[in-house]
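Geometric and topological summary
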Amino acid sequence: MKNFGILLIVMGLFTSCAVIRPGEVGIKQTLGKFSGDVKTQGTLIYNPLISKVVKESTQTKNIKLILSLPSKEGLSVNSEISILHRLDGTKITSILENLGKDYESVITSVFRSAASDVCAQFFAKDMHSGMRSKIEKQILEKMKINLEKQAEGIELIAVLMKRIQLPRGLASSVERKLQAEQDAMRMEFVLKQERLEAERKIINAKGERDAQLIIAEGLTPGIIRLKAIEAFKELSKSTNAKTIITDGKTPLIVNEEDKL
């Protein structure tokens, strides 16, 4: 029993345990060599004298950079950059063997190269306009190509260019241009509204004219005679004394009370 206890103590000295939590992976490295077994969750037993467990996060991570990017006209545009990425846990061995634990510095280097190539094809004002998303997409695509040549397993999600700071003179010029474009758009809107209002008035005038023409065309002698007969019928129902003077076509009513 005593020997068994000593054995347990000795085993405890030469055995350790690492806990792999959700959102990370662990891989055992023995005498500098990585094992092929990647642990996603749970515990990993290893000998601390000759081995260690390397753990890496598989969650989305953000690399933040502040860089000066070149433009087509040779200007420097300051920008805050975010590179969103994550690791493929099943390929963590390839990442560590080819890039090491400092793989984020490799991502940064790849970004600098891709950003310089892409941004040099655009004018500085493009980085401050709707062209920004196109520039971000081209940088991301170029980064994926360059990074795949070095190691598999790093998934690039997005490249975001934030806080674009143009050179002072160019910034003022861009602001004036944008203001002029907004004024032109506002004036175009006002003119369009005025044209619509003018068209509405013309349509209303045409409608009233057409209605008058229809009424005029509809007043034929027969209709006028019919309206006169209807008027005589209504007069016959009245209890007031009236004198009706007519040529047989149109009545003229004279109220007897007014004559008195």
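Residues numbered from 1 in each chain as written. Predicted model: local features only at pLDDT ≥ 70, side-chain atom pairs only at ≥ 80, totals over all residues. Heavy atoms only, no water.

Focus: a nonpolar patch on the surface
Together, Met187, Phe189, Val190 and Leu191 line one region of the surface with nonpolar side chains, adding up to about 370 Å² of accessible area. Within the secondary structure layout, leucine 191 lies in helix α5 (residues 168-218). (Patch = residues over 30% accessible without salt bridge, like charges linked within 9 Å, V, L, I, M, F, W, Y side chains within 5 Å. Areas by Shrake-Rupley, 256 points an atom, 1.4 Å probe, with all protein chains shown as cover. Salt bridge = Lys/Arg side-chain N within 4 Å of Asp/Glu carboxyl O. Helix = DSSP H or I, 4+ residues; strand = E, 2+ residues; numbered from the N terminus.)

A short note on the pattern of salt bridges
If you walk through the whole model with that rule in mind, you get seven salt bridges. In this structure, glutamate 197 engages arginine 200 in a salt bridge whose closest nitrogen and oxygen atoms are separated by 2.5 Å. Highlighted residues: glutamate 197 and arginine 200, both in helix α5, separated by three residues, approximately one helical turn. The exposure class of glutamate 197 is partly exposed, given its relative accessible area of 33%. Where salt bridges share partners, they join Glu80, Lys162 and Arg163 into one cluster. (Buried < 20%, exposed > 50% of the residue type's maximum accessible area, 1.4 Å probe, protein only.)

Details of the sheet that holds strand β6 (residues 61-70)
Here we have three strands laid out as an open sheet, ordered β6-β7-β8, and antiparallel in their pairing. Bordering the open sheet on either side are β6 and β8 (154-165), each of which pairs with just one other strand. Here the strands of the sheet are splayed against their neighbours by 25° on average, with no regard to which way each runs. Relative to β6, helix α3 (residues 103-119) is tilted by about 35°, and along the sheet it contacts β6, β7 (76-87) and β8. (Pairing = 2+ DSSP bridges. Axes fitted to C-alpha atoms, helices over the stretch in contact; angles between N-to-C directions. Contact = heavy atoms within 4.5 Å.)

A look at helix α4 (residues 132-148)
Here α4 spans 25 Å end to end across 17 residues, near enough to the 24 Å set by a 1.5 Å rise per residue. When we look at burial in α4, the residues that qualify are Ile135, Glu136, Ile139, Leu140, Met143 and Leu147. One side of α4 holds all its buried residues, which, seen down the axis, span an arc of 135°. Facing away from the buried side of α4 by over 90 degrees, the exposed positions are Lys137, Ile145 and Glu148. Buried residues in α4 make contact with β7, α3 and β8. (Expected span 1.5 Å × (residues − 1). Arc of directions from axis to C-beta.)

Here we look at the nonpolar core
Core analysis: the largest hydrophobic core is formed by 40 residues, its most contacted members being Ile83, Ile107, Phe111, Ile139, Met143 and Ile154. Where this core is concerned, the elements lending two or more residues are β2 (24-30), β6, β7, α2 (92-98), α3, α4 and β8. A per-element tally of this core places α3 first, with nine residues. Excluding residues within four positions of it along the chain, isoleucine 83 makes contact with Lys61, Asn62, Ile63, Leu65, Ile107, Phe111, Met143, Leu156 and Ala158. (Core = buried A, V, L, I, M, F, W, Y, C linked by side-chain atoms within 4.5 Å.)

Notes on unusual backbone geometry
Of note in the backbone geometry, leucine 31 takes a positive phi value of approximately 50° without being a glycine. You can see leucine 31 is positioned in the loop between β2 and β3 (33-39).

Digging into α3
Here α3 contains 17 residues, and its C-alpha end-to-end distance of 24 Å stays within 8% of the 24 Å for a straight helix at 1.5 Å per residue. Those residues of α3 not exposed but buried are Tyr103, Val106, Ile107, Thr108, Val110, Phe111, Ala114, Ala115, Val118 and Cys119.

A look at the sheet that holds β3
The strand order across the open sheet formed by three strands is β3-β2-β5, and the pairing between neighbours is antiparallel. The sheet is open, and its two edges are formed by β3 and β5 (51-57), each paired on a single side. The mean inter-strand angle of the sheet, taken between neighbouring strand axes irrespective of direction, is 30°. Note that β2 and β5 share seven bridges and pair antiparallel. Paired with isoleucine 27 across the bridge in β5 is valine 54.

Comments concerning the side chain of glutamate 24
Tracing the chain through its elements places glutamate 24 in strand β2. Here glutamate 24 occupies a buried position and makes no salt bridge, while the nearest side chain of opposite charge, lysine 55, is found at 4.2 Å. Side-chain polar atoms of glutamate 24 contact the backbone nitrogen of arginine 21, separated by 2.9 Å. Once you skip the residues sitting within four places of it in the chain, glutamate 24 turns out to touch Val19, Lys39, Thr40, Lys55, Glu56, Ser57 and Thr58. (Lys, Arg positive; Asp, Glu negative; His and termini not counted. Polar contact = N/O pair within 3.5 Å; in protein donor to acceptor, adjacent residues only side chain to side chain.)

Description of the environment of asparagine 98
As for its placement among the helices and strands, asparagine 98 is situated in helix α2. The exposure class of asparagine 98 is partly exposed, given its relative accessible area of 47%. A sequence separation of 54 residues divides asparagine 98 from glutamate 152, and the C-alpha atoms of the two residues are 9.1 Å apart. Those residues within four positions of asparagine 98 in sequence are excluded, and the remaining contacts are Gln150 and Ala151. There is a polar contact of 2.6 Å between the side chain of asparagine 98 and the backbone oxygen of serine 94.

Looking at the packing of α3 against α4
Relative orientation of the contacting elements α3 and α4 amounts to 130°, with a least axis distance of 9 Å. Taken together, the axis directions place α3 and α4 in an arrangement best described as oblique. Here α3 runs over α4; the crossing is right-handed. Residues Val106, Ile107, Val110, Phe111, Ala114, Ala115, Asp117, Val118 and Cys119 of α3 pack against Ile135, Gln138, Ile139, Lys142, Met143, Asn146 and Leu147 of α4. Looking at side-chain class alone, the contact of α3 with α4 contains twelve nonpolar, two polar and two charged residues. (Parallel < 35°, antiparallel > 145°, perpendicular 65-115°, else oblique. Left-handed = near helix turned anticlockwise from the far one by under 90°. Nonpolar A, V, L, I, M, F, W, Y, C, P; charged D, E, K, R; others polar.)

The quantities given are spatial measurements derived from coordinates; they are silent on function.
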